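# Descriptive analysis of the structure
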Amino acid sequence: MEKSHSRATFGGRISAVLVTAGSAVGLGNIWRFPYVAGENGGGAFLLVYAGCILLLGLPLTIAEFAIGKSTRCNAVGAYRRLAPRWSIIGYTGILTSTLILGFYFVVAGWTAEYMLHSLTGEIAARGEAESHRLLFERFIADPWRPALYAVAFAVATQLVISLGVRRGIERAAKVMMPLLFLALLALAVHSILLPGGLEGLRFFLAPDFSKLTASSVLTALGQAFFSLSIGLGTMVTYASYFTPSTDIRRTAWQVTAVDTLVALLAGLVIFPAVFSAGIEPDSGPSLVFITLPTIFGTLPLGGLWSAIFFLLLVIAALTSTISLHEACTAYLHEEWRLPRRTAACCTTLVTVLLGIFASLSFGVLNGWRIGSLTLFDALDHLTADLLLPLGGLMTCLFAGWHRHPKALYETLYRDPRLGIGDRTLRFLLRYVCPAVMVLLFLDSLGIG
Ligand code: PHE
């Protein structure tokens, strides 16, 4: 962008880590990771997941950081500047961010409802799992409440975004991320000390390779991808606000470490509690909304623990919706030259409409199907199984094979005489990541 000299930046090193970690840490870590791990053998899945983060997630994060930092542009502008033909990566990313926001607002809204439920004592008052299941199913099928929560969540996101990069995004992440971490830590300790908690710990940490299949390896890859917010330009956009002195490698290491640590902590909160209550660890996406409230209901001060847990989910979801929103807002602001506030309003309007329809697809609009899927499921599948792998594949092909302009080359590899670290990075981006992404992609298309 020609105006790049006047562009906002994050305050410094710590801010860069907290803000990007705020994007990475979200429902993907606390809601999705534990149930996916539970369905795929616990400890064995954990090992594969760690491998995916190191071999795939880390190099791609570094690549996206380098692209954003060297161009100081939104996702579309960044690629257009570097190589106009590759700006398709940016456009795919904006589309993906919009679609993810559509269903993310819905689940985020559920977490807000559950936080309030906990405070009003509704959670603690209910007894067995069946009654929690009814509560959940009735709630998500309601025509008004979940949709209103989704709208409320979108409005909260819009408020932070319209405060701007420094005052809004950065300040929110600086307060919320440490809070999230500390509260998760306290909950994990509490959970492990429950009677029977150690058994859950063993399930989560001791590998059982018998449950691990080829498709769970691919699931681990997809999870790593979604969790690190890569493959859709969010990290490109955030890195465009880095100060020149921000070390992208160190930041990438720190973000992937924090993201993985939070996923681990979420597992340490959930599995000991699940085993303590004698519930099956592979009960799927409902683990957080049905199983956990059941467990909280049996604990002393259950309502309080539950409120803390769902507050964490709200915080984690908010820092992620902010990043998805910012990717779209920065694009509209810089490419379409809309004033920032107008750009933010347009993003909110489109995504909130999508969110309302996605929310209604659990109830009154359940009959509207795309193929056999409801709108909510279609958004989830289209993004996680198709657009994200596609974006990831294109990003590593671009980073690994395209002849880069000097600024990007120097940010990505530092020195023309590549040291061992840079050579490893290039090898991963050139060969390992694309090969793995193609596999993931074929699998998600059902061809693998
Ligand atoms: N990484 C976020 C999570 O784990 C989700 C997300 C995906 C956010 C893509 C931004 C971009 O929940």
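See the structure above.
My aim in this report is to walk through the structure given alongside it, one point at a time. In this text, all values refer to a predicted model and were calculated from it rather than measured experimentally. (Residues numbered from 1 in each chain as written. Predicted model: local features only at pLDDT ≥ 70, side-chain atom pairs only at ≥ 80, totals over all residues. Heavy atoms only, no water.)

Turning next to helix H7 (residues 129-141). Across its 13 residues, H7 extends 18 Å between first and last C-alpha, which sits within 8% of the 18 Å expected from 1.5 Å per residue. Among the residues of H7, those classed as buried are Ser131, His132, Leu135, Phe136, Phe139 and Ile140. Angular distribution of buried residues about the axis of H7 spans 160 degrees; they occupy a single face of the element. (Helix = DSSP H or I, 4+ residues; strand = E, 2+ residues; numbered from the N terminus. Expected span 1.5 Å × (residues − 1). Buried < 20%, exposed > 50% of the residue type's maximum accessible area, 1.4 Å probe, protein only. Arc of directions from axis to C-beta.)

Let us look at the nonpolar core. Core analysis: the largest hydrophobic core is formed by 143 residues, its most contacted members being Ile30, Trp110, Val288, Phe289 and Phe309. One finds Ile94, Cys328, Tyr331 and Ala343 within the second-largest nonpolar core, a separate group that totals seven residues. (Core = buried A, V, L, I, M, F, W, Y, C linked by side-chain atoms within 4.5 Å.)

Within the secondary structure, serine 215 sits in helix H11 (residues 214-227). Separated by 175 residues in sequence, serine 215 and asparagine 40 place their C-alpha atoms 9.4 Å apart.

A contiguous nonpolar patch, built from Leu397, Trp401, Phe427 and Tyr431 and spanning about 410 Å² of accessible area, is present on the exposed surface. Taken together, the elements giving at least two residues each to the nonpolar patch come down to helix H17 (375-401) and helix H19 (420-444). As for its placement among the helices and strands, phenylalanine 427 is situated in helix H19. (Patch = residues over 30% accessible without salt bridge, like charges linked within 9 Å, V, L, I, M, F, W, Y side chains within 5 Å. Areas by Shrake-Rupley, 256 points an atom, 1.4 Å probe, with all protein chains shown as cover. Salt bridge = Lys/Arg side-chain N within 4 Å of Asp/Glu carboxyl O.)

Once that is clear, we can look at the site of the ligand. In the vicinity of the ligand, 15 residues are found, and the nearest of them are Ala24, Gly28, Tyr104, Phe226 and Ser229. Between an oxygen atom of the ligand and a main-chain N or O atom of leucine 27, the distance comes to 3.1 Å. Between the ligand and tyrosine 104 there is a distance of 2.6 Å, counted from an oxygen atom to a side-chain nitrogen or oxygen. Surface burial for the ligand is 100%, taken as the share of its 320 Å² of free accessible area covered by protein chains. If you list the elements that add at least two residues to the shell around the ligand, you get helix H1 (13-24), helix H2 (27-39), H11 and helix H15 (302-335). Residues of the shell around the ligand, tallied by class, amount to six nonpolar, nine polar and no charged. (Near = heavy atom within 4 Å. Polar contact = N/O pair within 3.5 Å; in protein donor to acceptor, adjacent residues only side chain to side chain. Nonpolar A, V, L, I, M, F, W, Y, C, P; charged D, E, K, R; others polar.)

What follows is about the packing of H2 against helix H5 (residues 87-119). Contact pair H2 / H5: the axes reach a minimum separation of 12 Å and the direction vectors enclose 85 degrees. Considering their axes alone, H2 and H5 lie roughly perpendicular with respect to each other. The residues of H5 that touch H2, namely those facing Leu27, Gly28 and Trp31, are Tyr104, Val107, Ala108 and Thr111. In the contact of H2 with H5, the residues fall into five nonpolar, two polar and no charged. (Axes fitted to C-alpha atoms, helices over the stretch in contact; angles between N-to-C directions. Parallel < 35°, antiparallel > 145°, perpendicular 65-115°, else oblique. Contact = heavy atoms within 4.5 Å.)

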